[in-house]
Amino acid sequence: MSEYGPEASSTGFKAKGLPTYLVLDTSGSMKRHEQLLNATLLKIYDTLYTSPQLSEFIHLSVISFNTQPHVVTAMTDIETLETLPTVSCEGLTNVGPMLELVKARITEDVRTMSAAGTEVLRPVMFLLTDGIPTDEPRGAWKRDLDALQDRAWKPRPNIITYGFGDASEAVLSTIATAAAYIAQDNGEHTGAALSEAMSSLLNSLVASARVQSLQVPEEVKGYRTLPLDFVG
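Conventions adopted
- Residues numbered from 1 in each chain as written.
- Predicted model: local features only at pLDDT ≥ 70, side-chain atom pairs only at ≥ 80, totals over all residues.
- Heavy atoms only, no water.
- Axes fitted to C-alpha atoms, helices over the stretch in contact; angles between N-to-C directions.
- Helix = DSSP H or I, 4+ residues; strand = E, 2+ residues; numbered from the N terminus.
- Parallel < 35°, antiparallel > 145°, perpendicular 65-115°, else oblique.
- Left-handed = near helix turned anticlockwise from the far one by under 90°.
- Contact = heavy atoms within 4.5 Å.
- Nonpolar A, V, L, I, M, F, W, Y, C, P; charged D, E, K, R; others polar.
- Phe/Tyr/Trp six-rings, centres within 6.5 Å; stacked < 30°, edge-to-face > 60°.
- Buried < 20%, exposed > 50% of the residue type's maximum accessible area, 1.4 Å probe, protein only.
- Lys NZ or Arg CZ within 6 Å of the ring centre and 35° of its normal.
- Lys, Arg positive; Asp, Glu negative; His and termini not counted.
- Salt bridge = Lys/Arg side-chain N within 4 Å of Asp/Glu carboxyl O.
- Polar contact = N/O pair within 3.5 Å; in protein donor to acceptor, adjacent residues only side chain to side chain.

> Sorry, what's going on with the packing of helix 3 (residues 95–115) against helix 4 (residues 141–149) here?
Between two packed helices, both the angle of their axes relative to each other and the distance between the axes serve to describe the pair. Contact geometry for helix 3 and helix 4: axes closest at 7 Å, N-to-C directions at 20 degrees. By the angle between their axes, helix 3 is roughly parallel relative to helix 4. In the crossing of helix 3 with helix 4, the sense of the turn from one axis to the other is left-handed. Together, V95, G96, L99, E100, V102, K103 and I106 of helix 3 and W141, D144, L145, A147 and L148 of helix 4 make up the contact between the two elements. The class makeup of the residues in the contact of helix 3 with helix 4 is eight nonpolar, one polar and three charged.

> What should I look at first to understand the packing of aromatic side chains in this one?
Centre distance and the angle of the planes are the two values used to describe a pair of aromatic rings. The final tally for this structure, using the stated rule, is two aromatic pairs. Taking 6.0 Å as the distance between ring centres and 85 degrees as the angle between the ring planes, the aromatic pair formed by Y162 and Y223 counts as edge-to-face. Residue Y162 is found in strand 6 (residues 158–163), and its partner Y223 is found in strand 8 (residues 223–225); the two are separated by 61 residues along the sequence. Assessed through its relative accessible area of 0%, Y162 is described here as buried. Taken together, the aromatic side chains of Y162, Y181 and Y223 make up a single cluster linked through ring pairs. Positioned over the ring face of W153 is K103, at 4.7 Å from the centre of the ring.

> Honestly, the side chain of D130 in this entry has me stumped. Any pointers?
As for its position among the elements, D130 is in the loop between strand 5 (124–129) and helix 4. Among buried charged residues, D130 stands out as having no salt bridge; its nearest opposite-charge side chain is R32, 6.1 Å away. In this structure the side chain of D130 is engaged in a polar contact, spanning 2.9 Å, whose partner is the side chain of S29. Not counting chain neighbours up to four residues away, the residues in contact with D130 comprise D25, S27, S29, M30, F164, G165, D166 and A167.

From the geometry alone we can't say anything about function, so treat these as descriptive.
So, in structure tokens, the structure goes:
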């Protein structure tokens, strides 16, 4: 039986699908990493395009957020993309609207995948950020986080967070439900930390497709793992 959809017919195989949300902080502080972000996104798209086993299992959507969130790539077949979108970095780090958008997209995407006959696994959200929430009033984003993590909402996602630069350990741990990581060196090497985070999540996707279930990284080069019950 699909985790969210109708039962498969007794005569046919039902392919599994993992709704995957890559959520990128594209606030002004990320401007110096804009080229690296886009180059790494291109690598991820290319990996999916050239790996049918991966693209059939990983249903990827890319979301960026700064003052407002943006759907960079909707959850669509990678082969249907005529041009590869890019991101630009500017504005604030407003987390609440992003969390609200992720929940809305999960609701829609899970419904669409299930209707297409896919056995939909629990979604996964990878969040990469170099800052702290700038939402006003302060802490307002936690209401949207509560809604996204609501255990009564069946497709609530597994959330994995990567933080570098000025990211807050407490925020990373609060948002994450599966794993949280903070760069060990948050000095002049945030570009290297970003690269390691993107490599980690891509490796996680490849490993997940291999076994047809989410594989959470046990460790990330250059990062240390945060406890998910962190209290700041």
